[in-house]
Amino acid sequence: MIIAVDGPAASGKGTLAAGLARHYGLPQLDTGLLYRAVGRAVAGLEDTPGFEAAAIAAARSIDTGHLDPLALSTAEVGVLASKVAVIAEVRAALFDFQRQFALQPGGAVLDGRDIGTKIAPDADVKLFIQADSKSRMERRARQLEGRGVVVDRYALYHQIEQRDARDMANPNGGFYPAADAHLLDTTLLDIEAALRAAVAIVDGVMARKGQH
Ligand code: CDP
């Protein structure tokens, strides 16, 4: 079974995807880490003419076995990720790894922005996670604070809004709910309630397909 989990910045899709992976015993891929790793590799080059070529080279040589989620989790790396994510060749270089991960025997859970639309349009279940931008900022702030980072909430809110705007305008993106995606608004749900709601959707879809 392939489960696609998409949604905007800090919508809780990573936590939900991890919970779904545990619940169904499936491997999980946080595809945002790939873009974050490429972004981090070109930090400092943003305003130089070599930025695009460096990002493409970084995407082509990315070491998917050694992605460090902690080092990649900062808001600044998130902004860099959204800058490299608009480059078509970067997306193309990262495509095969994600596609193969989705197609592994037994299936997988992938979370990102374009899983249901581009990476696995054939996914069995597609979830599109939403939450209002203030609660997304607050969740991300607490997540970063839990790691000892001092958070400026005003700056974080601004970064999330900017990243959403860049992502939504991404001409090479596919950052919209697939026609067959199930929308799940987690604004008023805690982690457990959101996971229960997601499991109910997945079970419902698989039961209708008669193969759970
Ligand atoms: O965790 P959060 O939602 O803040 O971000 P992320 O999933 O780690 O993604 C970071 C950035 O990578 C996004 O803002 C997108 O610009 C890009 N991305 C993408 O283009 N396609 C994906 N499948 C996943 C992330």
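See the structure shown above.
First things first, this report covers the structure right here in the doc.

About the criteria used
Residues numbered from 1 in each chain as written. Predicted model: local features only at pLDDT ≥ 70, side-chain atom pairs only at ≥ 80, totals over all residues. Heavy atoms only, no water. Helix = DSSP H or I, 4+ residues; strand = E, 2+ residues; numbered from the N terminus. Buried < 20%, exposed > 50% of the residue type's maximum accessible area, 1.4 Å probe, protein only. Contact = heavy atoms within 4.5 Å. Near = heavy atom within 4 Å. Polar contact = N/O pair within 3.5 Å; in protein donor to acceptor, adjacent residues only side chain to side chain. Nonpolar A, V, L, I, M, F, W, Y, C, P; charged D, E, K, R; others polar. Pairing = 2+ DSSP bridges. Axes fitted to C-alpha atoms, helices over the stretch in contact; angles between N-to-C directions. Arc of directions from axis to C-beta. Salt bridge = Lys/Arg side-chain N within 4 Å of Asp/Glu carboxyl O.

**Description of unusual backbone geometry**
As a rule of thumb, non-glycine residues mostly have phi less than zero, and peptide bonds are mostly trans rather than cis.
Piece 1. Unusually for a residue other than glycine, Ala10 sits at a positive phi of about 55 degrees.
Piece 2. Looking at where Ala10 falls in the secondary structure, it is placed in the loop between strand 1 (2–6) and helix 1 (13–24).
Piece 3. Here Ala10 falls in the buried class, since its relative accessible area comes to 6%.

**What about helix 5 (residues 75–84)?**
Piece 1. Where burial is concerned, most of helix 5 is hidden: eight out of the ten residues are buried.
Piece 2. Of all the residues in helix 5, the buried ones are Ala75, Val77, Gly78, Val79, Leu80, Ala81, Ser82 and Val84.
Piece 3. If you follow the buried residues of helix 5, they end up packed against helix 2 (32–41), helix 3 (51–60), helix 4 (69–72), helix 6 (88–102) and helix 9 (153–169).

**Looking at the site of the ligand**
Piece 1. Taken together, 19 residues lie near the ligand, and Lys13, Arg36, Arg91, Arg163 and Asp167 sit nearest.
Piece 2. Between an oxygen atom of the ligand and a side-chain N or O atom of Arg113, the distance comes to 3.2 Å.
Piece 3. Interatomic distance of 2.9 Å between a side-chain N/O atom of Arg140 and an oxygen atom of the ligand.
Piece 4. Listed by contribution, the elements that provide at least two residues to the shell around the ligand are helix 2, helix 5 and helix 9.
Piece 5. In terms of residue class, the shell around the ligand is made up of seven nonpolar, four polar and eight charged.

**Focus: the pairing of strand 1**
Piece 1. Of all five residues in strand 1, five are buried, a share of seventy percent or more.
Piece 2. In this sheet, strand 3 (residues 108–112) lies alongside strand 1 in parallel orientation, the contact comprising five bridges. Bridge pairing in strand 3 links Val5 to Asp111.
Piece 3. Where strand 1 lies against strand 4 (residues 125–130), four bridges are found, and the strand directions are parallel. Counted as the bridge partner of Ile3 is Val125 from strand 4.

**Some points on the sheet that holds strand 1**
Piece 1. Read from one edge to the other, the open sheet built from five strands follows the order 2-3-1-4-5, with strand pairing classed as parallel. The open sheet terminates on both sides in strands that have one partner only, identified here as strand 2 (28–30) and strand 5 (182–185). Averaged over all neighbouring strand pairs, the angle between strand axes comes to 20 degrees, with direction disregarded.

**Thoughts on the environment of Gly32**
Piece 1. Here Gly32 is to be found in helix 2.
Piece 2. You can call Gly32 partly exposed: its relative accessible area is 24%.
Piece 3. Along the backbone, Gly32 and Ala9 are 23 residues apart, and their C-alpha atoms lie at a distance of 9.8 Å.

**Brief notes about helix 3**
Piece 1. Here helix 3 has its buried residues at Phe51, Ala55, Ile56, Ala58 and Ala59. Along the long axis of helix 3, the arc covered by the buried residues comes to 160 degrees, so they all point the same way. Seen from the buried face of helix 3, the exposed residues on the opposite side, beyond 90 degrees, are Ala53 and Arg60.
Piece 2. Buried residues belonging to helix 3 abut helix 2, helix 5 and helix 6.

**Digging into the pattern of salt bridges**
Piece 1. If you walk through the whole model with that rule in mind, you get nine salt bridges.
Piece 2. Arg113 serves as the salt-bridge partner of Asp167, at 3.3 Å between the closest nitrogen and oxygen. Of the two residues, Asp167 is situated in helix 9 and Arg113 in the loop between strand 3 and helix 7 (115–119); the sequence distance between them amounts to 54 residues. Each member of the pair, Asp167 as well as Arg113, is classed as buried.
Piece 3. A salt bridge links Arg136 to Asp164; the nearest nitrogen and oxygen atoms lie 2.8 Å apart. In this pair, Arg136 is assigned in helix 8 (residues 133–146) and Asp164 in helix 9, connecting sequence segments 28 residues apart.
Piece 4. Among the charged side chains, a network of salt bridges with common partners joins Glu138, Arg142, Glu145 and Arg153.

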